[in-house]
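Now for the letters of each chain:
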Amino acid sequence: MRALVIGGNGFIGSHLVDRLCALGWEVIVLDLYGRRFGTIPPQVKFIRGDLHQDYLLRESLIGVEVVFHLAWTTIHEVSNQDPVADVYTNLVPSIHLLEACRHADIRRLVFVSSGGTVYGPARTLPIDESHATNPITAYGITKLAFEKYLHMFNQLYGLDYLVLRPSVPYGPRQNPLAKQGAVAVFLHRIGHNMPISLWGDGSATRDFFYISDLVDAFLAGSLKESLQNRVFNIGGGEEISLNQLICCVEETVGKPAIVNYYPARAFDSPRIVLDTGLAQREFNWKSTVSLAHGLRRTWDWISSSF
């Protein structure tokens, strides 16, 4: 199998690329940046660029069967500051990708959407794929809009696709110095006696899950011959508050946390836990790595790297 991984040098993409290579896939990575953590496997063809560069995109798609689209230039925390930029830097080039894929005989396009933002505030828990989609961030809106374009291209041109809506993946290579990624940030800051910031009282919940489980979902979904559904939630299935996560991190690193609480932000959903039953029924996927085990693996990486 030959795959193009767009954004293949990032946190999620690098783990996916490594797994594909280990399984014998031929892999092309299209990314503006090299890997920040670790090295690209020598058998990978790395093309430095982005989706705005049509000639690079055409070159990247030659002979490709499966495209994994992981590249998004914004995060939900800052996307509302410039919604127009979010459209121009994410949605517009992604539509260019669709146009290129429909002319390149791509077998399937797999897109990483956002289970944490496309639904908006939860009406019922756990959230299944039939839940209303009312995102309250520009990030969630553009992710959802691209899902709709995928559906359009499937209906009009027969482009096969799969959408994964992950909750909150974490693991090694997630930058602990970044603004997002609570698990990595908490581990690093607590482990190094640095204060952490919480918006709200810490009762907000998420379902965190380990990166290898997300890669498993990529593979299971991309290899399934015939899909009855197109959109799947992927998550840990366990609702964990930020305060509970802090306690688990304290236990992992063996140090107490210093926490500064700030007023809650309007764009943060108070509770998110995804129903992943559809993925289990459709392609036999479920989360297998416990939070305790995943935290330990992530802390081992952070403590040896920072």
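About the criteria used
- Residues numbered from 1 in each chain as written.
- Predicted model: local features only at pLDDT ≥ 70, side-chain atom pairs only at ≥ 80, totals over all residues.
- Heavy atoms only, no water.
- Buried < 20%, exposed > 50% of the residue type's maximum accessible area, 1.4 Å probe, protein only.
- Helix = DSSP H or I, 4+ residues; strand = E, 2+ residues; numbered from the N terminus.
- Pairing = 2+ DSSP bridges.
- Right-handed = clockwise from strand over helix to strand, strands pointing away.
- Patch = residues over 30% accessible without salt bridge, like charges linked within 9 Å, V, L, I, M, F, W, Y side chains within 5 Å.
- Areas by Shrake-Rupley, 256 points an atom, 1.4 Å probe, with all protein chains shown as cover.
- Salt bridge = Lys/Arg side-chain N within 4 Å of Asp/Glu carboxyl O.
- Core = buried A, V, L, I, M, F, W, Y, C linked by side-chain atoms within 4.5 Å.
- Contact = heavy atoms within 4.5 Å.
- Axes fitted to C-alpha atoms, helices over the stretch in contact; angles between N-to-C directions.
- Parallel < 35°, antiparallel > 145°, perpendicular 65-115°, else oblique.
- Left-handed = near helix turned anticlockwise from the far one by under 90°.
- Nonpolar A, V, L, I, M, F, W, Y, C, P; charged D, E, K, R; others polar.
- Phe/Tyr/Trp six-rings, centres within 6.5 Å; stacked < 30°, edge-to-face > 60°.
- Lys NZ or Arg CZ within 6 Å of the ring centre and 35° of its normal.

**Things to note about the pairing of strand E6 (residues 161-166)**
Part 1: Within E6, 6 of the 6 residues are buried, which leaves the element mostly enclosed by the surrounding structure.
Part 2: Here E6 shows two buried faces, one formed by Tyr161, Val163 and Arg165 and the other by Leu162, Leu164 and Pro166.
Part 3: With 4 bridges connecting them, strand E5 (residues 108-112) and E6 associate as parallel partners. Looking across to E6, one finds that valine 110 is bridged to leucine 162.
Part 4: Crossover connection from E5 via helix H5 (residues 138-157) to parallel E6: handedness right-handed.
Part 5: When E6 meets strand E11 (residues 231-234), the two strands line up parallel, connected through 4 bridges. Paired with leucine 164 across the strands is phenylalanine 232, a residue of E11.

**With respect to a nonpolar patch on the surface**
Part 1: Nonpolar side chains collect at one region of the surface, where Tyr149, Met152, Leu156 and Tyr157 lie side by side and expose about 370 Å² of accessible area between them.
Part 2: Mapping tyrosine 149 onto the fold places it in helix H5.

**Focus: the nonpolar core**
Part 1: Among the nonpolar cores identified, the biggest contains 57 residues, and Leu20, Val27, Phe68, Leu164, Phe186 and Phe218 are the most heavily contacted of them.
Part 2: Setting aside chain neighbours within four positions, we find valine 27 in contact with Ala3, Val5, Val17, Leu20, Cys21, Gln43, Val44 and Lys45.
Part 3: Of all hydrophobic cores here, the second largest spans 27 residues; its members include Leu56, Cys101, Tyr139 and Phe146.

**Some words on the side chain of serine 269**
Part 1: Residue position: serine 269 is located in the loop between strand E13 (259-262) and helix H9 (277-283).
Part 2: Residue serine 269 is classed as buried on the basis of its relative accessible area, which comes to 5%.
Part 3: Once residues within four sequence positions are removed from consideration, serine 269 is found in contact with Gly120, Pro121 and Arg206.

**Some thoughts on the packing of helix H8 (residues 242-253) against helix H10 (residues 291-305)**
Part 1: At a closest axis distance of 10 Å, the pairing of H8 and H10 adopts a crossing angle of 55°. On the basis of the axis angle, H8 is oblique to H10. The chirality of how H8 crosses H10 is right-handed. From H8, Leu245, Cys248, Val249, Thr252 and Val253 reach across to H10, where they touch Leu291, Leu295, Arg296 and Trp299.
Part 2: The residue makeup of the contact of H8 with H10, split by class, is 7 nonpolar, 1 polar and 1 charged.

**A word on the sheet that holds strand E1 (residues 2-6)**
Part 1: Here we have 7 strands laid out as an open sheet, ordered E3-E2-E1-E4-E5-E6-E11, and parallel in their pairing. Taken across any chain shown, the strands that pair with only one partner, and hence form the sheet edges, are strand E3 (45-48) and E11. Each adjacent strand pair in this sheet contributes to an overall mean axis angle of 20°, direction not counted.
Part 2: Examined bridge by bridge, strand E2 (residues 26-31) and E3 share 4 bridges and lie parallel to one another.

**A few points about the packing of aromatic side chains**
Part 1: Under the counting rule described, the total for this entry stands at 12 aromatic pairs.
Part 2: For the pair phenylalanine 111 and phenylalanine 146, a centre-to-centre distance of 4.7 Å together with 75° between the ring planes defines the contact as edge-to-face. On the criterion of sequence distance, the pair formed by phenylalanine 111 in strand E5 and phenylalanine 146 in helix H5 is long-range, its members being 35 residues apart. With respect to burial, phenylalanine 111 and phenylalanine 146 carry one shared label: buried.
Part 3: In this arrangement the basic side chain of arginine 265 is found over the ring face of tryptophan 199, its NZ or CZ atom lying 4.5 Å from the centre.

**Some words on the pattern of salt bridges**
Part 1: All told, the structure shown has 12 salt bridges when counted by the stated rule.
Part 2: The closest approach of N and O atoms between glutamate 239 and arginine 271, which form a salt bridge, is 2.7 Å. Placement of the pair is glutamate 239 in the loop between E11 and strand E12 (240-241) and arginine 271 in the loop between E13 and H9, with a sequence separation of 32 residues.
Part 3: A residue is classified by how much of its surface remains accessible, and arginine 271, at 44% relative accessible area, is partly exposed.
Part 4: In this structure, the salt-bridge partner of arginine 296 is aspartate 300, at a minimum N-O distance of 3.6 Å. Highlighted residues: arginine 296 and aspartate 300, both in helix H10, separated by 4 residues, approximately one helical turn.
Part 5: Taking the relative accessible area as the measure of exposure, arginine 296 reaches 35% and is therefore partly exposed.
Part 6: In this structure, a network of salt bridges that share partners links the residues Asp18, Arg35 and Arg173.

All we've got here are geometric facts, nothing functional implied.
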